[in-house]
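Now for the letters of each chain:
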Amino acid sequence: MKKWRYLIGLTGIAVLTGCGGGGESGGDDLMHSHISGPTASGWYPLSTLMTDIWMDDIEGASVTVVEGGAISNIRDVNDGSEMKTGMAFASDFADAVEGRGAFEGEPQENIKGIAVLYPTLWNFAVLDSSPYNSIEEALEGGADIVPGQAEDASSQTAERVFEAMGYTIEDIEANGGSVTYNGYGDANNQMRDGGIDMVVQGGSPYVTGLNELDSTNAIKPLPIPDEALEELEAGDYGYDIDMSIPAGSYSNQEEDAPTVSTMAMLIVHDDVEDETVYELTRSLWENEDRFVEEQPNRGEYFDIETGYHGLVNPEENIHAGARQYYEEEGVVDE
């Protein structure tokens with residue numbers, strides 16, 4: 001019989017332990033911290049489900065799910081002293097291994113991929129009652145904006161979108177607005193209470209915390225202009241510009257909202273034992289149906305071919321243990 005223990009602390013850390021399941025792996029690597037996203041993000045419940053599956057399926061596993069952020073997650077897993085696995089964006093992973101973008105001059109040499117999972121769409125959102133009906137109106141009209149945590153993927157994306165539209169942070173401030181940094185949950189509370197006007201957050205397609213806010217205060221996602229989308233594509237940041245937040249994602253949303261997206265992925269420290277990573281990879285894909293059932297907005301995109309080939313230079317950047325599983329499944333090109 002499987003036994004569970006959940007410990008939820010003020011820091012948003014959930015410890016999950018369990019026994020049972022079909023796979024076995026040795027060593028201390030099965031007992032590690034997995035760094036995810038803010039509790040109000042889509043990553044956190046996905047990580048909780050993922051660790052639930054690992055606990056159920058791999059004997060001896062004990063994983064702690066910790067709040068984090070996309071770019072800092074890469075740094076923490078690369079360090080490897082506590083965080084052995086984590087969530088990241090494929091575009092940030094590509095920057096990290098090349099030492100560019102947020103990782104300029106400091107390539108992260110100890111991270112590998114396990115799987116590329118699903119697209120994350122960037123929500124530039126205001127309350128439905130907001131006077132702003134476009135991003136341009138917000139930037140010109142003195143909006144107070146929280147684009148996520150400083151130097152993280154959402155704030156980096158926001159700044160790139162603003163720049164593609166011809167605005168710097170200084171321009172926004174000169175127009176009477178502000179850009180401050182905070183986590184998703186706190187930012188949503190600020191917007192609900194009228195303290196800020198706009199947030200920038202990633203979801204698939206909507207953001208979990210914003211969807212919860214939408215039940216009492218309707219949310220309005222603002223479209224990114226076509227010209228800015230084309231500028232972003234030309235910038236070679238690794239964004240996809242062909243997806244939109246579909247109408248109906250939020251209660252009063254009647255039209256699709258064009259935006260940028262990037263793929264979410266699972267990363268691991270390079271020194272984690274091959275056998276352990278093999279089991280984590282096997283357990284992930286052999287339980288794909290649970291992701292489809294319990295996290296349909298994300299799970300419906302899961303595809304083992306994308307899991308491997310969606311990674312930049314998978315021959316170099318996939319972990320050896322994960323590669324073994326993909327080879328057995330016939331995914332790796334001969």
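Residues numbered from 1 in each chain as written. Predicted model: local features only at pLDDT ≥ 70, side-chain atom pairs only at ≥ 80, totals over all residues. Heavy atoms only, no water.

> Hey, could you run me through helix 7 (residues 184-192) in this one?
For an α-helix, the turn length of 3.6 residues means that residues three or four places apart are oriented alike. Turning to helix 7, its buried residues number three or more, namely Tyr184, Ala187, Asn188 and Met191. Down the axis of helix 7, the smallest arc covering the buried residues is 100°, so these residues share one side. In this structure, the buried side of helix 7 is in contact with strand 8 (111-127), strand 9 (144-146), helix 5 (153-164), strand 11 (198-203), helix 8 (208-214) and strand 12 (219-221). A positive phi of about 85° marks Gly194, the residue just after helix 7. (Buried < 20%, exposed > 50% of the residue type's maximum accessible area, 1.4 Å probe, protein only. Helix = DSSP H or I, 4+ residues; strand = E, 2+ residues; numbered from the N terminus. Arc of directions from axis to C-beta. Contact = heavy atoms within 4.5 Å.)

> Sorry, what's going on with unusual backbone geometry here?
Glycine aside, residues mostly have negative phi, and peptide bonds are mostly found in the trans state. A cis amide bond, omega -5°, links Ser204 with the succeeding residue Pro205. When you line up the elements, Pro205 lands in the loop between strand 11 and helix 8. Phi at Glu151 is positive, roughly 60°, even though this residue is not glycine. By the element assignment, Glu151 lies in the loop between strand 9 and helix 5. Given a relative accessible area of 72%, Glu151 falls into the exposed group. A positive phi is found at Asn313, a non-glycine position, where the angle reads about 45°. Assignment of secondary structure puts Asn313 in the loop between helix 13 (304-309) and helix 14 (314-317).

> Even after reading the chapter, I still don't get a negative patch on the surface, so can you show me in this structure?
Where like charges cluster on the molecular surface, the negative patch consists of Asp28, Asp270, Asp271, Glu273, Asp274 and Glu275. One can find Asp28 in the loop between strand 3 (23-24) and strand 4 (31-35). With a relative accessible area of 60%, Asp28 lands in the exposed category. (Patch = residues over 30% accessible without salt bridge, like charges linked within 9 Å, V, L, I, M, F, W, Y side chains within 5 Å. Areas by Shrake-Rupley, 256 points an atom, 1.4 Å probe, with all protein chains shown as cover. Salt bridge = Lys/Arg side-chain N within 4 Å of Asp/Glu carboxyl O. Lys, Arg positive; Asp, Glu negative; His and termini not counted. Charge placed at Lys NZ, Arg CZ, Asp CG, Glu CD.)

> Help me understand the pattern of salt bridges in this model?
Two side chains with opposite charge may pair up if their charged atoms get near one another. Tallied over the full model, the rule gives 9 salt bridges. Close ionic contact of Arg282 with Glu286 constitutes a salt bridge, the shortest N to O distance being 2.9 Å. Of this pair, Arg282 and Glu286 both sit in helix 10 (residues 274-286), 4 residues apart, roughly one helical turn. Glu327 is the partner of Arg323 in a salt bridge, and the nearest nitrogen-oxygen pair spans 2.9 Å.

> Looking at this model, I keep getting lost on the packing of aromatic side chains. Mind explaining?
Given two aromatic rings, their pairing is described by the distance between the two centres and the angle made by the two planes. As enumerated under the stated definition, the model contains 11 aromatic pairs in all. A ring pair is formed by Tyr325 and Tyr326, whose centres lie 6.3 Å apart and whose planes are at 70°; its orientation type is edge-to-face. With respect to burial, Tyr325 and Tyr326 carry one shared label: buried. One aromatic cluster is present, formed by Tyr118, Trp285, Phe291 and Phe302 through successive ring pairs. (Phe/Tyr/Trp six-rings, centres within 6.5 Å; stacked < 30°, edge-to-face > 60°.)

> Mind showing me how you'd approach the environment of Asp128 here?
Position of Asp128 relative to the elements: it lies in the loop between strand 8 and helix 4 (135-140). As a C-alpha pair, Asp128 and Glu59 span 69 residues in sequence and 48 Å in three-dimensional space. When neighbours within four sequence positions are excluded, Asp128 is seen to be in contact with Ala218, Ile219, Lys220 and Asn252. Within polar-contact distance, the side chain of Asp128 engages the side chain of Asn252 at 3.2 Å. (Polar contact = N/O pair within 3.5 Å; in protein donor to acceptor, adjacent residues only side chain to side chain.)

> Where do I start with the pairing of strand 15 (residues 261-269) in this structure?
With respect to burial, strand 15 is a largely interior element, 8 of its 9 residues being buried. Examined bridge by bridge, strand 8 and strand 15 share 9 bridges and lie antiparallel to one another. Following the sheet pairing, Val116 is matched in strand 15 by Met265. (Pairing = 2+ DSSP bridges.)

> Help me out: how do you make sense of helix 15 (residues 320-328) in this one?
When helix 15 is considered as a whole, its buried residues turn out to be Gly321, Ala322, Tyr325 and Tyr326. Down the axis of helix 15, the sector holding all buried residues measures 140°, keeping them to one side. On its buried side, helix 15 packs onto strand 8, helix 10 and helix 13. Just downstream of helix 15 lies Gly330, where phi reads positive at about 75°.

> It is not clear to me how the nonpolar core should be interpreted in this structure. Could you clarify?
If you look at soluble globular proteins, the nonpolar side chains tend to sit buried side by side. If you look at the biggest cluster of nonpolar residues, it comprises 96 residues, and the most contacted ones within it are Leu117, Phe124, Phe162, Leu210 and Tyr326. Sort the elements by how many residues they give to this core and strand 8 lands first, with 12 residues. (Core = buried A, V, L, I, M, F, W, Y, C linked by side-chain atoms within 4.5 Å.)

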